[in-house]
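Descriptive structure summary
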Amino acid sequence: SILGIAALAGYAAVNTFVIFDLANVLTPLVAPLLACGAGLMTTASARASTAHRERAAIRRQFRARIDPKLAERLERDPSAIKLDGELRDITVVFTDLSGYSALAEQREPAEVVALLNTIQTRVAEAIVQHGGYINKFLGDGVMAIWGAPDAQTEHARLTCAAVLQAFRDVNREDGALGEDAHTL
């Protein structure tokens, strides 16, 4: 685009100072000006469109991997992302379903998946209700973080409350499962 502006300025200078002064001929400026303007607009539009598509692709990838609320906050305030890290007290929890391997061997795959989805939904709900961010699902477990990326002064208390609620909710779910009860 800068090259286009330089070419347009050069054309106008040659037209005004050289051709008109020497030959008293005024060449039309409108067509080249419009062409350069259209070229600049097209280039700017193409660049904006490409940037928008790239941001949308990054946004989709980002939202698929982290909590949507966190993704939304980071979109609004990209300066909140600290790529160089920072020292901060946080709490991390790893949950695991006791007896899961034996249970998975005894039941049909569809039943195991349905049970795992139900249990992990209960755990995820408890984590989110208490301000935690799910970092990842690990087979029959979940990894969650409190205190990062948003600072939380009571991250340890919130974590304990979430784990206790998840424990109660999963064990309540187990009551409906009969003898194969297991614990979080």
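Every chain begins its residue count from 1, and numbering advances along the sequence as written. Given that this is a predicted model, residues contribute local features only at a pLDDT of at least 70 and side-chain atom pairs are listed and counted only at 80 or more, while totals for whole chains, interfaces and linings are drawn from all residues. Excluding hydrogens and water, the side-chain figures rest on all heavy atoms present in the structure.

In this text, helices come from DSSP runs of H or I with a minimum length of four residues, and strands from runs of E with a minimum of two, each type numbered from the N-terminal end. Of regular secondary structure, the protein chain possesses six helices and three strands. Secondary structure elements of the protein chain, listed N to C terminal, follow the sequence α-α-α-β-α-α-β-β-α. In this scheme, a residue with accessible area under 20% of its type's maximum is buried, one over 50% is exposed, and one in between is partly exposed, where area comes from a 1.4 Å probe on protein chains only. The buried share among the 184 residues of the protein chain stands at 24%. For the protein chain, the accessible surface area stands at approximately 12200 Å², while carbon and sulfur atoms represent 62% of it. Shrake-Rupley sampling with a 1.4 Å probe provides the accessible areas, and residues are treated as covered by the protein chains on show and by no other component.

To form a nonpolar core, buried Ala, Val, Leu, Ile, Met, Phe, Trp, Tyr and Cys residues must be joined to one another through side-chain atoms within 4.5 Å. Counting 18 residues, the largest nonpolar core has Ile119, Val123, Ile127 and Trp146 as its most contacted members. Elements with a minimum of two residues in this core: helix H5 (109-129), strand S3 (141-146) and helix H6 (155-175). Top contributing element to this core by residue count: H5, with seven residues. Residue contacts follow a heavy-atom distance rule, with two residues in contact if any of their heavy atoms lie within 4.5 Å. Not counting residues within four places of it along the chain, the set of residues in contact with Trp146 comprises Ile90, Thr91, Val93, Ile127, His130, Gly131, Gly132, Gln152, His155, Leu158, Thr159 and Ala162.

Looking only at helix H3 (residues 68-76), the buried set comprises Leu70, Ala71 and Leu74. An end-on view of H3 places all buried positions within 100 degrees of arc, on one side of the element. Looking at H3, the residues exposed on the side facing more than 90 degrees away from the buried face are Lys69 and Arg76. Arc, as used here, means the arc of the directions from the helix axis to the C-beta atoms.

Moving on, we come to the sheet that holds S3. Strands are labelled as partners when DSSP assigns at least two bridges between them. Across the sheet, which stays open at both edges, the three strands sit in the order S1-S3-S2 with antiparallel pairing between neighbours. Edge strands, defined here as strands with exactly one partner in the open sheet, are strand S1 (91-94) and strand S2 (133-138). On average, adjacent strands in this sheet sit at an angle of 15 degrees to one another, irrespective of strand direction. Relative to S3, S2 runs antiparallel, the two sharing five bridges. Directly across from Leu138, in S3, lies its bridge partner Gly141. Only the contacting stretch of a helix is used when fitting its axis, a line to C-alpha atoms as for every element, and angles between N-to-C directions run 0 to 180 degrees.

Our focus in this paragraph is the pattern of salt bridges. By definition, a salt bridge exists where a carboxyl oxygen of Asp or Glu is found within 4 Å of a side-chain nitrogen of Lys or Arg. A complete count under the given rule lists three salt bridges for this structure. We note a salt bridge from Glu86 to Arg88, for which the minimum N-O separation is 3.0 Å. We classify Glu86 as partly exposed; its relative accessible area is 46%. Its relative accessible area of 28% is what places Arg88 among the partly exposed residues. Measuring nitrogen to oxygen at the nearest pair gives 3.2 Å for the salt bridge that ties Glu111 to Arg107.

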